[in-house]
Amino acid sequence: PSAVAEALAVGASRIAGTYEDTTVLFVYIEDYRDISFAYPAVEVIAWINSLFHVYDASLLSFPKVRKLETCQNLYLCVAGCPDECCDHSATIVMLAIELIRQSWHIPRPDGRPTALRVGLSTGSVCAGVVGAVCPRFS
């Protein structure tokens, strides 16, 4: 986030805060583990890359949402942190619907449609910059 980058640029060594009104979106790709054992890594990576590429493109339509992390079969986003967003829950729900819809158009390595498990959590979060070599706001 720009405010966090500016604080780091002027030498802030510790950046953390509590954000009261947020909604976090957790997107898990179903059957990832089984597929990763059954198919060559190159195919699995191409599949995941296709999904995350589409998800990232979808975020352009949701400027109030910030992508936090991707790790294997997890895609994690938040609305309301660090920038306040009075409609954080509705925004995240609309994004979740869009990601589910997009996923059905990207086949798994076995040719079947991609299925997701989607979770939402609304409430307060604590977030800040972690790491020194490649600092991340998380």
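In this report, we go over the structure that sits alongside the text. (Residues numbered from 1 in each chain as written. Predicted model: local features only at pLDDT ≥ 70, side-chain atom pairs only at ≥ 80, totals over all residues. Heavy atoms only, no water.)

1. Some remarks on the pattern of salt bridges
Opposite charge on two side chains allows them to pair when their charged atoms are near. As a reminder, the rule being used: A pair is scored as a salt bridge if a Lys or Arg side-chain nitrogen falls within 4 Å of a carboxyl oxygen belonging to Asp or Glu. Numbered from the N terminus, helices here are DSSP runs of H or I no shorter than four residues, and strands are runs of E no shorter than two. Burial classes follow relative accessibility: with a 1.4 Å probe on protein chains only, a residue under 20% of its type's maximum area counts as buried, one over 50% as exposed, and anything between as partly exposed.
Applying the stated rule across the entire model yields 7 salt bridges. In this structure, aspartate 56 and lysine 67 form a salt bridge, with 2.9 Å as the shortest nitrogen-oxygen distance. Here aspartate 56, found in helix H3 (residues 41-59), pairs with lysine 67, found in strand E2 (residues 65-71); they are 11 residues apart in sequence, far enough to count as distant. Its relative accessible area of 30% is what places aspartate 56 among the partly exposed residues. Residue classification places lysine 67 among the partly exposed positions, given a relative accessible area of 33%. Between aspartate 110 and arginine 108 there is a salt bridge whose closest N-O contact spans 2.5 Å. Look at aspartate 110 and you get partly exposed, because its relative accessible area is 30%. By sharing partners, the salt bridges in this structure join Asp31, Arg108 and Asp110 into a single network.

2. Overview of the pairing of strand E1 (residues 16-29)
To keep it simple, the criterion reads: Two strands qualify as a pair provided DSSP detects at least 2 bridges between them.
The pairing of E1 with strand E4 (residues 116-130) spans 12 bridges and is classified as antiparallel. Directly across from tyrosine 19, in E4, lies its bridge partner valine 125. Note: E1 against strand E3 (residues 74-79), 6 bridges, orientation antiparallel. The residue of E3 that forms the bridge with leucine 25 is cysteine 77.

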